[in-house]
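Below, each chain spelled out in residue letters.
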Amino acid sequence: MEGAERLGLRTFVHPDGPAFRLPCPRHQGGCCTVYEERPGSCRGYQCKLLRRYLAGEITTEDSLGRIEQVKRLVADIRRRIDAREDGISVWHQLHAFDEASPDALDADLQLDVVALLVQCQRHFANRAEPKRVWR
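Asker: Mind showing me how you'd approach the packing of helix α4 (residues 60-80) against helix α5 (residues 90-100) here?
Answerer: Pairs of packed helices are described in terms of their axes, by the angle between the two and the distance that separates them. The contact between α4 and α5 brings their axes to 11 Å, and the two run at 25°. Relative to α5, α4 is oriented roughly parallel. When you trace α4 past α5, the crossing you get is left-handed. Residues Val74, Ile77 and Arg78 of α4 form the contact with α5, whose participating residues are Val90, Gln93 and Leu94. Residue composition of the contact of α4 with α5, grouped by class: four nonpolar, one polar and one charged.

This is the structure in structure tokens:
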């Protein structure tokens, strides 16, 4: 935990052991700013898509296509809620948007959010999802 705190990560004790809070403040512009010093949990993490790629179950082209699809969804959602790309997760920004403008999440935006959730669960096993995105 000392090393994580030295890197500026907000740590806490989780039932499974020491952890740090997300979104990671050291992840900026799609890159880790402390890559060489990153914690062991980050070094060992492999998303579902990477595991499938390494096992030869999916091609490089298909993997990159899925990544681009998710990036497009995130960019479109950010654009539609006037969110900035400053290291704050799209989930946190959606929550803040929903709190400030609960009626602004139109059906198309809601469908894009659901599509993003599905893609994250299916390909990345992303656990950093919102508990509630809209009312």
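After presenting the structure, the write-up continues.
Asker: Can you walk me through the nonpolar core in this structure?
Answerer: Counting residues in hydrophobic clusters, the biggest one holds 19 residues, and the most contacted among them are Ile77, Val90, Trp91, Leu94, Leu109, Val113 and Leu116. Only α4, α5 and α6 (107-124) provide two or more residues apiece to this core. Per element, the largest residue contribution to this core is six residues, and it comes from α6. Contact partners of Leu116, with chain neighbours within four places excluded, come to Val70, Leu73, Val74, Ile77, Val90 and Trp91. Leu7, Leu9, Phe20 and Val34 belong to the second-largest nonpolar core, a separate cluster that totals six residues.

Asker: Can you walk me through the packing of aromatic side chains in this structure?
Answerer: The geometry of two aromatic rings is summed up by the distance between their centres and the angle between their planes. Under the criterion given, the structure shown has zero aromatic pairs. Above the ring of Tyr35, the side-chain terminus of Arg38 is found at 3.7 Å from the ring centroid.

Asker: Looking at this structure, how should I read the confidence of the model for the protein?
Answerer: Low pLDDT means the predicted atomic positions in that stretch should not be read closely. Residues of the protein with pLDDT of at least 70 account for 88%, and the chain-wide mean is 81. Averaged over each element, pLDDT in the protein is lowest for α5 (78) and highest for helix α3 (residues 48-54) (93). Here residues 128-135 scores under 50 on pLDDT; set against residues more than four positions off or in separate chains, the count is 20 contacts.

Rules used throughout
- Residues numbered from 1 in each chain as written.
- Predicted model: local features only at pLDDT ≥ 70, side-chain atom pairs only at ≥ 80, totals over all residues.
- Heavy atoms only, no water.
- Axes fitted to C-alpha atoms, helices over the stretch in contact; angles between N-to-C directions.
- Helix = DSSP H or I, 4+ residues; strand = E, 2+ residues; numbered from the N terminus.
- Parallel < 35°, antiparallel > 145°, perpendicular 65-115°, else oblique.
- Left-handed = near helix turned anticlockwise from the far one by under 90°.
- Contact = heavy atoms within 4.5 Å.
- Nonpolar A, V, L, I, M, F, W, Y, C, P; charged D, E, K, R; others polar.
- Core = buried A, V, L, I, M, F, W, Y, C linked by side-chain atoms within 4.5 Å.
- Buried < 20%, exposed > 50% of the residue type's maximum accessible area, 1.4 Å probe, protein only.
- Phe/Tyr/Trp six-rings, centres within 6.5 Å; stacked < 30°, edge-to-face > 60°.
- Lys NZ or Arg CZ within 6 Å of the ring centre and 35° of its normal.
- pLDDT = per-residue confidence, 0-100.

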